[in-house]
Amino acid sequence: MGRIIITLEDYRVKHSISKYSIIKNCDVSATQLNSYCNNKVTRVDLPVLARICDYLECSISDLLRYEPDEPEKDIDHDFGDL
């Protein structure tokens, strides 16, 4: 199964936005924002992401990325004449 990567930290740094400004303008705690920035969130709070997108004037696709699993390599077992 693939996974969702939170790219908020990359976006924040690229656009020179402080964590403090996000905390103050989006009504999130420092702990919560750090979890999003460090991609340590297991259950995404959609209203939080909506507030962050509103403040940053960005799309959800600017903050989230889908990363598929690498396909398993097909192992060819040659058992010869059994």
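Rules used in this analysis
- Once a new chain begins, its residue numbering starts again from 1 and follows that chain's sequence as written.
- The model is predicted, so local features are restricted to residues of pLDDT at least 70 and side-chain atom pairs to those at 80 or more, both for listing and for counting; the totals for chains, interfaces and linings are taken over all residues.
- Excluding hydrogens and water, the side-chain figures rest on all heavy atoms present in the structure.
- Numbering goes from the N terminus for both helices and strands, where a helix is a DSSP run of H or I of at least four residues and a strand is a run of E of at least two.
- Note on classification: 1.4 Å probe, protein chains only; a residue is buried when its accessible area is under 20% of the maximum for its type, exposed when over 50%, partly exposed between these limits.
- Contacts are assigned to residue pairs that have any heavy atoms within 4.5 Å of one another.
- Areas reported here follow the Shrake-Rupley algorithm with a probe of radius 1.4 Å; residue values treat only the protein chains shown as occluding.
- The arc in question is the one traced by the directions running from the helix axis out to the C-beta atoms.
- The predictor rates its confidence in each residue with pLDDT, a number between 0 and 100.
- Side-chain atoms within 4.5 Å are what join buried Ala, Val, Leu, Ile, Met, Phe, Trp, Tyr and Cys residues into a set we call a nonpolar core.

1. Here we look at the overall build of the chain
The secondary structure content of the chain amounts to four helices and two strands. Moving toward the C terminus, one meets the helices and strands of the chain in the order β-α-α-α-α-β. Counting all 82 residues of the chain, 27% fall into the buried class. Sequence separation of at least 24 residues holds for 62% of the intrachain contacts in the chain that already meet a minimum separation of 6. Accessible area for the chain stands at about 6,500 Å²; split by element, carbon and sulfur atoms hold 49% of it.

2. Re helix α3 (residues 30-37)
Listed in full, the buried residues belonging to α3 are Leu-33, Tyr-36 and Cys-37. Taken around the axis of α3, the buried residues stretch over an arc of 100°, which confines them to a single face. Considering only its buried residues, α3 is in contact with β1 (3-6), α1 (8-14), α2 (19-26) and α4 (46-56). Where α3 terminates, the next one or two residues include Asn-39, which has phi positive at roughly 55°.

3. Re unusual backbone geometry
Positive phi is not limited to glycine here, since Ser-16 has a value of about 55°. Assessed through its relative accessible area of 68%, Ser-16 is described here as exposed. Positive phi is not limited to glycine here, since Glu-57 has a value of about 55°. Among the secondary structure elements, Glu-57 is positioned in the loop between α4 and β2 (64-67).

4. Describing the confidence of the model for the chain
On average, residues of the chain carry a pLDDT of 91, and 87% of them reach 70 or more. For the chain, the element scoring lowest by mean pLDDT is β1, at 94; α2 scores highest, at 98.

5. Re the nonpolar core
In terms of nonpolar packing, the biggest core is built from 17 residues, with Leu-8, Ile-22, Ile-52, Leu-56 and Leu-63 touching the most fellow members. The set of elements that each furnish at least two residues to this core consists of α1, α2, α3 and α4. Among the elements that make up this core, the one with the highest residue count is α4 (five residues). With residues near it in sequence (within four places) discarded, Leu-63 still touches Ile-5, Ile-6, Thr-7, Leu-8, Tyr-11, Ile-52, Cys-53, Leu-56 and Cys-58.

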